[in-house]
Amino acid sequence: MTTERTETRASGPADPARRLDLYRLQVELRRFEKRAYDLFMRNLVKGTSHLSLGQEAIAAGVALAMRPDDWTFATYRGHAHTLARGAPMTPVLAELLGRENGLLGGKGGSMHLTSAEHNMMGSYAIVGAHLTLAAGAAWSAQYRESGQVAVCFFGDGATNIGAFHEALNLAAVWSLPVVFVCENNLYMEYTPIGSVTAVPRPAADRAAAYGLEPVVVDGNDADAVYDVASAALDRARRGDGPSLVEAVTYRHGGHSRADPGTYRPDEEVEAWLARDPVTAYRSRLLGEGVEEAELLAVESGVDAAVDRATEEAIEAPPPSAEAILTDVWADGGSSWRN
Amino acid sequence: MTQLALARALNAGMRRAMEADPKVLLMGEDIGRLGGVFRVTDGLQKDFGEDRVIDTPLAESGIVGTAIGLALRGYRPVCEIQFDGFVFPAFDQIVSQLAKMRLRSLGKVALPVVVRIPCGGGIGAVEHHSESPESYFAHTPGLRVVACANPSDGYWMLQQAIACDDPVIFFEPKRQYWDKGEVDTAPGLSEVEPMSAARVVREGTDLTLVTYGPMVKNALAAAVAAEEDGRSIEVIDLRSLSPLDTEALTDSVRRTGRLVVAHEAPVFGALSAEIAARITEACFYHLEAPVLRVGGFSAPYPPSRLEDHFLPDLDRILDAVDRALAY
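Okay, so let's go over this structure.

The rules we used
Sequence order as written defines the numbering, with residues in each chain counted from 1. Chain letters start at A and ligand numbers start at 1, both assigned in the order the entries are written. Local features in this predicted model are restricted to residues of pLDDT 70 or higher, and side-chain atom pairs are both shown and tallied only at a pLDDT of 80 or more, whereas totals for entire chains, interfaces and linings draw on every residue. Heavy atoms from the whole structure form the basis of all side-chain values; hydrogens and water molecules are not counted. The definition of a nonpolar core used throughout is a set of buried Ala, Val, Leu, Ile, Met, Phe, Trp, Tyr and Cys residues joined through side-chain atoms within 4.5 Å. Accessible area is worked out with a 1.4 Å probe on protein chains only. A residue is then buried under 20% of its type maximum, exposed over 50%, and partly exposed in between. Starting at the N terminus, helices and strands are each numbered in turn, a helix being any DSSP run of H or I of at least four residues and a strand any DSSP run of E of at least two. Each domain's extent is set by a domain assignment, obtained either automatically or from a database. Contact between two residues is taken to exist if any of their heavy atoms lie within 4.5 Å; hydrogens are not considered. The salt bridge criterion pairs a side-chain nitrogen of Lys or Arg with a carboxyl oxygen of Asp or Glu, the two atoms within 4 Å. Two strands are counted as paired when DSSP detects at least two bridges linking them. Helix axes are fitted only over the stretch in contact, all axes being lines through C-alpha atoms; the angle between N-to-C directions runs from 0 to 180 degrees. Residues adjacent in sequence count toward polar contacts only when both atoms are side-chain atoms; beyond that, a polar contact is any pair of N or O atoms within 3.5 Å, and within protein one must be able to donate a hydrogen and the other to accept it. Residue type decides the class: Asp, Glu, Lys and Arg count as charged, Ala, Val, Leu, Ile, Met, Phe, Trp, Tyr, Cys and Pro as nonpolar, and the leftover types, Gly among them, as polar. Any helix carries an expected span of 1.5 Å times its number of residues minus one. In this description, one arc is meant: the one made by directions from the helix axis to the C-beta atoms.

A closer look at the nonpolar core
Taken as a class, soluble globular proteins show a tendency for nonpolar side chains to be buried jointly. Within the largest apolar cluster, 83 residues are counted, with the highest numbers of intra-cluster contacts made by Phe73 and Phe180 of chain A together with Leu72, Ile94 and Leu238 of chain B. Take this core: its biggest share by element is 8 residues, from helix α5 (residues 129–144) of chain A. The residue makeup of this core includes at least three contributed by each of domain 1 (2–191) and domain 2 (199–326) of chain B. Other than its neighbours up to four places away in sequence, leucine 238 of chain B contacts Ala197, Ala198, Val210, Thr211, Tyr212, Leu244, Leu249, Leu271 and Ile275 of chain B.

Here's the deal with the pattern of salt bridges
Pairing is possible between side chains of opposite charge, provided their charged atoms come close. In total, this model carries 37 salt bridges over all chains according to the counting rule given. Across the pair arginine 19 of chain A and aspartate 223 of chain A runs a salt bridge whose closest N-O atoms are separated by 2.8 Å. With arginine 19 of chain A in helix α1 (residues 16–41) and aspartate 223 of chain A in helix α8 (residues 222–238), this residue pair connects regions lying 204 residues apart in the sequence. Each member of the pair arginine 19 of chain A and aspartate 223 of chain A is classed as buried. Ionic pairing is found between arginine 255 of chain B and glutamate 234 of chain B, a salt bridge with its closest N-O pair at 2.8 Å. Residue arginine 255 of chain B is found in helix α9 (residues 246–256), and its partner glutamate 234 of chain B is found in strand β11 (residues 233–237); the two are separated by 21 residues along the sequence. On the basis of relative accessibility, which here comes to 1%, the residue glutamate 234 of chain B falls in the buried class. Here the residues in one salt-bridge network are Arg18, Arg19, Asp221, Asp223, Arg284 and Glu288 of chain A, joined through shared partners.

Details of the sheet that holds strand β14 (residues 292–296) of chain B
All names here are of chain B. The 5 strands lie next to each other as β9-β11-β10-β13-β14, forming an open sheet whose pairing is mixed. Because the sheet does not close on itself, it has two edges, and the strands there are β9 (199–202) and β14. Geometrically, the sheet is characterised by an average inter-axis angle of 25 degrees between neighbouring strands, direction not taken into account. Relative to β11, β9 is paired through 3 bridges, and the arrangement is antiparallel. Within β11, the position partnered with arginine 202 by the bridge is valine 235. Sheet strands in contact with helix α10 (residues 271–282) are β10 (207–211), β13 (259–266) and β14, and its direction is about 160 degrees off that of β13. Lying on the sheet, helix α12 (residues 314–326) is in contact with β10, β11, β13 and β14; it crosses β14 at an angle near 165 degrees.

Details of the interface of chain B and chain A
Across the contact, 46 residues belong to chain B and 37 residues belong to chain A. At the surface where chain B touches chain A, the tally comes to 1 salt bridge. Close ionic contact of lysine 108 of chain B with glutamate 117 of chain A constitutes a salt bridge, the shortest N to O distance being 3.4 Å. Scanning the region where chain B abuts chain A turns up 10 residue pairs in polar contact (both at pLDDT 80 or more). Those elements that place two or more of their residues in the side of chain B that touches chain A are β2 (24–28), β3 (53–55), α3 (60–72), α4 (91–98) and α5 (101–104) of chain B. Tallied by class, residues from the side of chain B that touches chain A come to 17 nonpolar, 15 polar and 14 charged.

Here's the deal with the environment of alanine 221 of chain B
Tracing the backbone through its elements, the reader meets alanine 221 of chain B in helix α8 (residues 215–228). For the pair alanine 221 of chain B and aspartate 313 of chain B, spaced 92 residues apart in the sequence, the C-alpha separation amounts to 9.8 Å.

Let's talk about the sheet that holds strand β4 (residues 76–80) of chain B
Residues and elements named next belong to chain B. Taking strand neighbours across the sheet as the criterion, the 7 strands line up as β3-β2-β4-β5-β7-β6-β12 in an open arrangement whose pairing is mixed. In this open sheet, the two edge strands, each paired with only one partner strand, are β3 and β12 (240–242). Between one strand and the next, the sheet's axes are offset by a mean angle of 20 degrees, whatever the strand orientation. Summarising the sheet, strand β6 (residues 144–147) and strand β7 (residues 168–173) pair through 4 bridges and their orientation is parallel. Bridge pairing in β7 places alanine 147 opposite phenylalanine 171.

Points about α12 of chain B
Residues and elements named next belong to chain B. Between the first and last C-alpha of α12 there are 18 Å, a value that for 13 residues agrees with the 18 Å anticipated at 1.5 Å per step. Taken together, the buried positions of α12 are Ile317, Leu318, Ala320, Val321, Ala324 and Leu325. Taken end-on, α12 shows its buried residues confined to a sector of 155 degrees, consistent with a single buried face. For α12, exposure combined with an orientation more than 90 degrees from the buried face picks out Asp315 and Ala326. Next to the buried residues of α12 lie β10, α8, β11, β13 and β14.

Written out as structure tokens, the structure reads:
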């Protein structure tokens with residue numbers, strides 16, 4: 001038996017307010033990431049960065065299905081997941097720009113966005129490592145019987161590293177309330193995932209090894225993602241253990257700032273650009289009778305917010321040099337060692 | 001005062017920490033039903049249950065990673081690494097996540113994880129089972145690294161490590177697990193000497209001999225032997241490898257004028273190099289001789305028939321003492 005749900009849409013009538021929220025969030029993520037890209041081009045973002053352009057439906061669909069007290073663990077491609085949990089745009093953008101008003105005071109940067117107050121428990125740049133951390137957080141929920149669920153996002157490349165398998169086994173054997181979401185964008189950095197993986201579905205085809213059902217969802221369809229995430233979150237909250245969801249999607253750009261993504265065939269890129277999750281969702285709403293004026297209002301509101309965040313980030317100073325030595329140890333500093 | 005073997009003292013320390021704080025959990029391979037391969041957790045699962053003394057899969061990255069997640073959400077996990085060399089699969093989690101999450105959250109999350117590591121050689125068990133990996137961890141900002149050398153410190157330092165809001169890498173000299181010593185369990189945790197402080201375990205005037213963990217016993221024996229030759233050696237048990245109690249070392253060396261540092265780890269890039277550099281800088285005009293070091297060879301730890309040649313013994317320590325005094 002399988003619950004494989006490739007290319008499916010939500011069944012039954014969707015809640016119009018929730019669908020407008022899903023659209024708004026996807027537009028926010030899209031336009032934030034585009035602005036981040038523009039700011040790279042202006043050399044205002046130092047160092048590398050990894051954008052979620054093209055993958056917004058996953059971040060939006062899962063986040064809106066979560067309870068506010070559920071936890072997110074994300075990867076270095078984590079801007080979207082951080083915003084989706086409610087972290088405001090200004091501190092997130094300011095963190096990318098290395099400013100004092102950044103989410104982490106300008107000390108974390110693009111790859112380590114963390115906001116404990118939004119239950120965004122971190123972006124992790126060691127591939128696969130954080131799956132075990134999510135299992136640990138889930139275990140704390142099981143201990144407390146709090147009904148909270150840990151959601152852990154990771155890329156297709158992570159499915160071939162040891163920690164992925166350790167975490168899946170731990171979570172399954174202890175029936176932990178955790179939802180593992182593989183954002184399969186078909187490329188492990190610069191390499192097609194299919195060329196380095198023994199099975200066609202890098203996550204779903206491993207599920208059986210841990211007694212889990214394979215779940216594949218169209219990662220470019222926010223409604224489908226929302227439904228699959230809701231089911232997995234419910235399952236975890238009921239005490240029925242972890243889920244492994246493979247959301248198939250595509251990066252519109254390269255792996256990182258330095259990568260133009262030229263190793264991907266043009267026709268493949270074009271086919272996926274034609275399946276842009278944000279424009280597809282807009283068409284869906286229009287087709288179902290939502291007034292275009294309403295969508296335009298959402299879009300202009302988001303544009304204004306992105307502009308405001310950009311100004312507030314650019315105007316802020318970088319952190320002071322002393323910031324390097326704070327919060328290393330529990331005494332708040334590192335003076336005893338330097 | 002009671003007489004306890006180190007393994008029993010560590011066990012009693014964990015028992016007291018678990019009684020004091022329901023958030024303290026023990027995790028590791030074979031630590032529950034078996035009580036650990038060295039029996040350090042013997043009986044704890046029976047008394048505290050399978051939810052608090054957890055038999056994990058054989059997966060060190062998973063064990064430490066899961067512990068980090070638990071700590072992020074308010075628990076105080078104590079992970080047992082079965083043998084020193086088995087910590088390396090978890091090395092990434094320790095240096096990349098455990099040491100850094102506090103800073104990454106601007107101090108908003110604490111990582112009160114203890115990683116217990118039976119360390120050192122002398123049990124005839126070849127590489128992976130006889131190693132001294134402390135320098136890797138002491139090098140990493142964000143980690144505390146300590147080593148106990150007797151049952152009393154095992155009992156108290158482990159409780160202090162569990163209560164500490166920093167992650168602590170806790171080294172236990174495995175060949176001394178069944179060596180007995182006096183343990184005074186009467187005081188409260190806040191009343192005993194902090195684990196960050198070094199301790200003068202034998203006073204002397206001619207030379208300072210600094211060591212930690214399994215080598216403290218050898219250093220004391222060397223001091224006794226040297227006394228027969230009329231030499232007065234001060235022995236310091238470092239206890240905390242990071243942070244270093246530099247003040248205790250400088251106080252001693254300014255009196256004795258000579259320093260020998262001994263450990264089982266190979267000396268290249270080892271903790272003794274850090275100590276030598278710091279003491280040379282802080283005590284330059286007090287030193288009568290260069291700081292000398294005694295340690296393992298820069299070679300993989302050998303099989304049992306060769307390990308006596310590898311481990312720094314009384315003769316190698318005394319040779320360094322002689323050379324320092326001959327300057």
